[in-house]
Amino acid sequence: MKNIAPAIFPPNGIGDTKPTNQAVLNWVHEIGKLTKPENIFWCDGSDGENEFLIAESLKQNVLIKLNEKEVPRSYLHRSNPNDVARVEKVTFICTPTKEEAGPTNNWSEPADTYSKLYGLLNGAMRGRTMFVVPYIMGPPDSPLTKVGFEITDSKYVVLSMRIMTRMGKIALNRLGNDPKAEWNRGVHSLLDVDPDRRFICHFPQDNTIISVGSGYGGNVLLSKKCLALRIGSYLARKQGWMAEHMLILGVESPEGKKHYVAAAFPSACGKTNFAMLIPPAHFNGWKVTTVGDDIAWMEIRDGRLFAVNPENGYFGVVPGTSYKSNPNAMKSIEHDTLYTNVALTDDADVWWEGKDGTPPKHAIDWRGNDWTPDSKEKAAHPNSRFATPMRNNPALDTDVEKGDGVPISAIIFGGRRSDTVPLVYEAFDWNHGVYLGATMASETTAAATGAVGKVRRDPMAMLPFCGYNIGDYFRHWMDIGKRLTNPPLIFNVNWFRKGENGKFLWPGFGENMRVLKWVIDRCERRGGALKSPIGWLPSPHDLDLEELDIDHKSVADLLGIDHEEWQKELAEHKTFFDSLGGVVPEELLKQREQLAARFAE
């Protein structure tokens, strides 16, 4: 069998920064004995190490160097065509009982799963280098920050982890020498990238993740969805905080008043675009800044929620990203970026569907084949990605490294719905807001394998990421609400409603500032709203629509509530809750009854 990750041999001074914590050394020794690598490379996150790894990756065709003038210090990686997205059907939560994993997770018995995975890992790194990647998730001085170690045989993983986490000595210092200190154990091996030997397994009680058979970011950057959300949500419930699939943005008015908003959207529903929003000219003097584009860790202090972004970079969907849709993302990926599964132009630049300018006359597509505008296949994979340091973002919030986090004024839930759900509405109170999150749904996209365009319930955008029983997760939200004396207001948005012609009614992108402005007005207790069965709705006069090219009918459709559609929606809420087999808290069942009663009035 061809070795897809041949060993590399660093010069002295690179790859030899061992931790001093005996628990880590013992664990690495144990995994080394199991996987039998050619050598062990201890990562320190330094520039010299990075340059060496890039040079070796270029030699082994793991990376392709891009045009230094067009995209300085940037590279293209192609994953195996069978390995291009998160694979939920082989993602497991391994708890002692099935009930602990709950009805929305795939469950696997821990002892059997360890045994199976260790069988696959036995000798898996022969002829390869075993990299040990120490990292932290969270600002260096935050009480929420977690230490992780990822063992991997993939150079792409090491290079990506350097972008996406704070990697190296900073983690060793944070962990210290206490053998009983809390840290996450992550083991990854490419094996032979065979879908039949692909498993992403989480052991919450052991703070352990094992991922085999994939090289795709979402399955193998174990800091991200695996630790920050699946293990993170489990730890958060146990320790009394929240780990959520949410962007965090700051909004500052021309008068200098600033609010922070956290928002949960399922993958590929515009999280990065919203987190990096540039207000239209009409909102001159308003500023939007990015704290994070994907994950929020939140704790209660002084009766309020404070949030940090645990990540150090952005791992965003590329297709559709342009200077029109997201200028800040485009500026962020102009340099020092690792691209995955985009097209390569003849002058070694990158291209994807939706990029500014005319398509190239010829390119090499994401599979490595010739491509022209007449080709039937897309040049870039629909889930192709960029990994770029958050420092590249011109709109980065000044408090992004603040260990205490930023105070959250509003939480927004939203999905991709072509009908039923209005542009924006506000929950009546915290528990009603939890109901909005618990019943939110979205039409599926290419970010996960499976059918595209199907409406699926995705509570709090956490369906694929909640590391324990979803009923207990809902209960945890309720318990958090009881501890808050100054809770954030909760809203629901839908940028994706369509008219009778099948076209989007709302222009989206920067114009979403108009909705955000109403949200902030409501937080300031000054924005107008009408009471409706589903929550507080803005009237067309409450939204600032000046200088926006949109007709009255579209606005009425965007804010309209069709009672027949909502009867179907209510029935679907019941079906969804019933499908969870009795784990939904009584308070949420009551919320559904109250919603139905308001429609009956």
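Scroll up for the structure.
Residues numbered from 1 in each chain as written. Predicted model: local features only at pLDDT ≥ 70, side-chain atom pairs only at ≥ 80, totals over all residues. Heavy atoms only, no water.

Student: An account of the nonpolar core is needed here, citing residue identities and associated values.
Tutor: In terms of nonpolar packing, the biggest core is built from 148 residues, with L305, Y339, I408, I411, F413 and W477 touching the most fellow members. By residue number, the principal contributor to this core is helix α8 (residues 223-239), which donates 8 residues. Once you skip the residues sitting within four places of it in the chain, I411 turns out to touch M246, A262, L305, W430, W477, P488, L489, I490 and F491. By size, the runner-up hydrophobic cluster in this structure holds 38 residues, among which are V261, W286, W518 and I520. (Core = buried A, V, L, I, M, F, W, Y, C linked by side-chain atoms within 4.5 Å. Buried < 20%, exposed > 50% of the residue type's maximum accessible area, 1.4 Å probe, protein only. Helix = DSSP H or I, 4+ residues; strand = E, 2+ residues; numbered from the N terminus. Contact = heavy atoms within 4.5 Å.)

Student: Outline the sheet that holds strand β22 (residues 363-364), listing residues and values.
Tutor: Taken in spatial order, the 4 strands of this open sheet run β21-β20-β22-β23, and their pairing is antiparallel. The outermost strands of the open sheet, each flanked by one partner alone, are β21 (350-351) and β23 (370-371). One ladder, built from 2 bridges, connects strand β20 (residues 343-345) with β21; its direction is antiparallel. Along β21, the bridge assignment pairs L344 with V350. (Pairing = 2+ DSSP bridges.)

Student: Please provide a residue-by-residue account of the sheet that holds strand β19 (residues 338-340), values included.
Tutor: As summarised here, the arrangement of the 5 strands in space is β2-β3-β19-β24-β18, forming an open sheet in which the pairing is mixed. The outermost strands of the open sheet, each flanked by one partner alone, are β2 (64-65) and β18 (313-317). Pairing analysis gives 3 bridges linking β19 to strand β24 (residues 385-389), with the strands arranged antiparallel. Looking at β24, one finds that Y339 is bridged to F386.

Student: Let's hear about the packing of aromatic side chains: which residues, and what values?
Tutor: Across all of its chains, the model carries 24 aromatic pairs by this definition. Ring centres of F265 and F274 lie 5.8 Å apart, and the angle between their planes is 35°; this geometry places the pair in the tilted category. Taken together, a centroid distance of 6.2 Å and an interplanar angle of 50° make the contact between Y473 and F474 tilted. Judged by its relative accessible area of 1%, Y473 is buried. Aromatic ring contacts, followed pair by pair, group W27, F149 and W183 into a single cluster. The ring of F465 has K225 sitting right over it, with the charged end atom 4.8 Å from the ring centre. (Phe/Tyr/Trp six-rings, centres within 6.5 Å; stacked < 30°, edge-to-face > 60°. Lys NZ or Arg CZ within 6 Å of the ring centre and 35° of its normal.)

Student: Help me get a handle on unusual backbone geometry, residues and values and all.
Tutor: We note that D302 has phi near 55°; this positive angle belongs to a residue other than glycine. Mapped onto the fold, D302 is located in the loop between β16 (296-301) and β17 (304-308).

Student: Please set out the pairing of β17 residue by residue, giving values where relevant.
Tutor: Strand residues, when the strand is regular, have side chains that alternate between the two faces of the sheet. Most of β17 is tucked away, with 4 of its 5 residues classed as buried. With 5 bridges joining them, β16 and β17 adopt antiparallel strand pairing. What sits directly across from M298, in β17, is A307. Hairpin connection of β16 to β17: 2 residues between the antiparallel strands, including D302 at a positive phi of 55°. Pairing geometry for β17 and strand β25 (residues 406-414), over 2 bridges, is antiparallel. By the bridge assignment for β25, A307 is matched with V406.

Student: Account for the packing of helix α11 (residues 430-439) against helix α15 (residues 563-579), with residues named and values stated.
Tutor: With their axes 11 Å apart at the nearest point, α11 and α15 run at an angle of 80° to one another. By the angle between their axes, α11 is roughly perpendicular relative to α15. For the pair formed by α11 and α15, the contact residues are Y435, A438 and T439 on the first element and H573, F576 and F577 on the second. Residues belonging to the contact of α11 with α15 are distributed by class as follows: 4 nonpolar, 2 polar and no charged. (Axes fitted to C-alpha atoms, helices over the stretch in contact; angles between N-to-C directions. Parallel < 35°, antiparallel > 145°, perpendicular 65-115°, else oblique. Nonpolar A, V, L, I, M, F, W, Y, C, P; charged D, E, K, R; others polar.)

Student: Help me get a handle on a negative patch on the surface, residues and values and all.
Tutor: A cluster of acidic side chains, namely E70, D346, D347 and D370, defines a negative patch on the protein surface. Counting through the fold element by element, D346 comes out in the loop between β20 and β21. The class for D346 is exposed, based on a relative accessible area of 58%. (Patch = residues over 30% accessible without salt bridge, like charges linked within 9 Å, V, L, I, M, F, W, Y side chains within 5 Å. Areas by Shrake-Rupley, 256 points an atom, 1.4 Å probe, with all protein chains shown as cover. Salt bridge = Lys/Arg side-chain N within 4 Å of Asp/Glu carboxyl O. Lys, Arg positive; Asp, Glu negative; His and termini not counted. Charge placed at Lys NZ, Arg CZ, Asp CG, Glu CD.)

Student: Describe the pattern of salt bridges, and please don't skip the residues or the numbers.
Tutor: A full pass over the atoms with the stated rule returns 33 salt bridges. A salt bridge links E569 to R417, with the nearest nitrogen and oxygen atoms 2.9 Å apart. Of this pair, E569 sits in helix α15 while R417 sits in the loop between β25 and β26 (424-426), and the two are 152 residues apart along the sequence. Each of K224, K225, K271, D294 and E311 takes part in a single network of salt bridges with overlapping partners.

Student: Give a detailed account of the side chain of S253, specifying residues and quantitative values.
Tutor: As for its position among the elements, S253 is in the loop between β13 (247-252) and β14 (258-264). By relative accessible area, which is 7% here, S253 ends up buried.

Student: I'd like to hear about the pairing of strand β29 (residues 489-493), residue by residue, with values.
Tutor: A large share of β29 lies buried, amounting to 5 of its 5 residues. Burial along β29 is two-sided: L489, F491 and V493 facing one way and I490 and N492 facing the other are all buried. In this sheet, β29 lies alongside β25 in parallel orientation, the contact comprising 5 bridges. Bridge pairing in β29 places I412 opposite F491.

Student: I'd love a proper account of the state of the cysteines, names of residues and values included.
Tutor: Summed over the entire model, instances satisfying the criterion amount to 0 disulfides. Here C43 stays free of any disulfide, with the sulfur of C226 as its closest cysteine sulfur at 18 Å. A relative accessible area of 1% means that C43 is categorised as buried. The class of C226 is buried, set by a relative accessible area of 0%. (Disulfide = S-S within 2.5 Å.)

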